[in-house]
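# Observations on the three-dimensional arrangement
Residue strings, one per chain:
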Amino acid sequence: MAKKSLIQREKKRQKLEQKYHLIRRSSKKEISKVRSLNDKWEIYGKLQSPPRNSAPTRLHRRCFSTGRPRANYRDFGLSGQILREMVHACLLPGATRSSW
């Protein structure tokens, strides 16, 4: 189980990313439309003004049940350990069992 503080920090990043998503997208569209280099530099300055944690690259995918940050499967939203346990308990139909 991950620390509660790390999970809360990740939730805070998700909220910030949603809040500043439109600002980032609109400024990136402006960059592609503008021809002069000076105007592009001004827009890049605007892109740097939101908080760092609002960048989508700062988000980290975590396991839905345990909050584990590594070895996550996007299709299930679970870490490999939990996925394996669920397959062995026959909770995921269609998944084949394997032994490690």
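Residues numbered from 1 in each chain as written. Predicted model: local features only at pLDDT ≥ 70, side-chain atom pairs only at ≥ 80, totals over all residues. Heavy atoms only, no water.

## Brief notes about the state of the cysteines
Filter applied, for reference: Working definition: a disulfide is two cysteine sulfur atoms within 2.5 Å of each other. Burial status follows relative accessibility: with a 1.4 Å probe on protein chains alone, a residue under 20% of its type maximum counts as buried, one over 50% as exposed, and anything between as partly exposed.
Summed over all chains, the structure comprises 0 disulfides. In this model C63 remains outside any disulfide bridge; the closest cysteine sulfur is found in C90, 19 Å from its own. Residue class for C63 comes out buried when judged on its relative accessible area of 4%. Here C90 falls in the exposed class, since its relative accessible area comes to 62%.

## Describing the nonpolar core
This is how it is decided: Definition of nonpolar core: a set of buried residues of the types Ala, Val, Leu, Ile, Met, Phe, Trp, Tyr and Cys, connected through side-chain atoms within 4.5 Å. Secondary structure is summarised from DSSP: a helix means a run of H or I of at least four residues, a strand means a run of E of at least two, and numbering begins at the N terminus for each.
Counting residues in hydrophobic clusters, the biggest one holds 6 residues: C63, L78, I82, L83, V87 and L92. In terms of residues, this core owes the most to one element, helix 3 (residues 80–88), which gives 3 residues.

## Comments concerning the domain arrangement of the protein
Here is the rule we go by: An automatic or database domain assignment provides the domain bounds reported here. Any two residues whose heavy atoms approach within 4.5 Å at even a single point are treated as in contact. The term buried area refers to how much accessible surface (probe radius 1.4 Å) is lost by two components on association, counted for both of them together. Here, a salt bridge means any side-chain nitrogen of Lys or Arg that lies within 4 Å of a carboxyl oxygen of Asp or Glu.
Partitioning the protein into domains gives domain 1 (1–59) and domain 2 (60–99). On a C-alpha basis, the centroid separation for the pair domain 1 and domain 2 is 30 Å. Facing 7 residues of domain 1, the contacting portion of domain 2 comprises 6 residues. Contact between domain 1 and domain 2 buries roughly 470 Å² in total, counting both sides, with carbon and sulfur atoms accounting for 49%. Together, M1, A2 and E10 form the three largest contributors to the area buried by domain 1 at its contact with domain 2, with a combined 59%. Where domain 1 touches domain 2, the interface holds 0 salt bridges.

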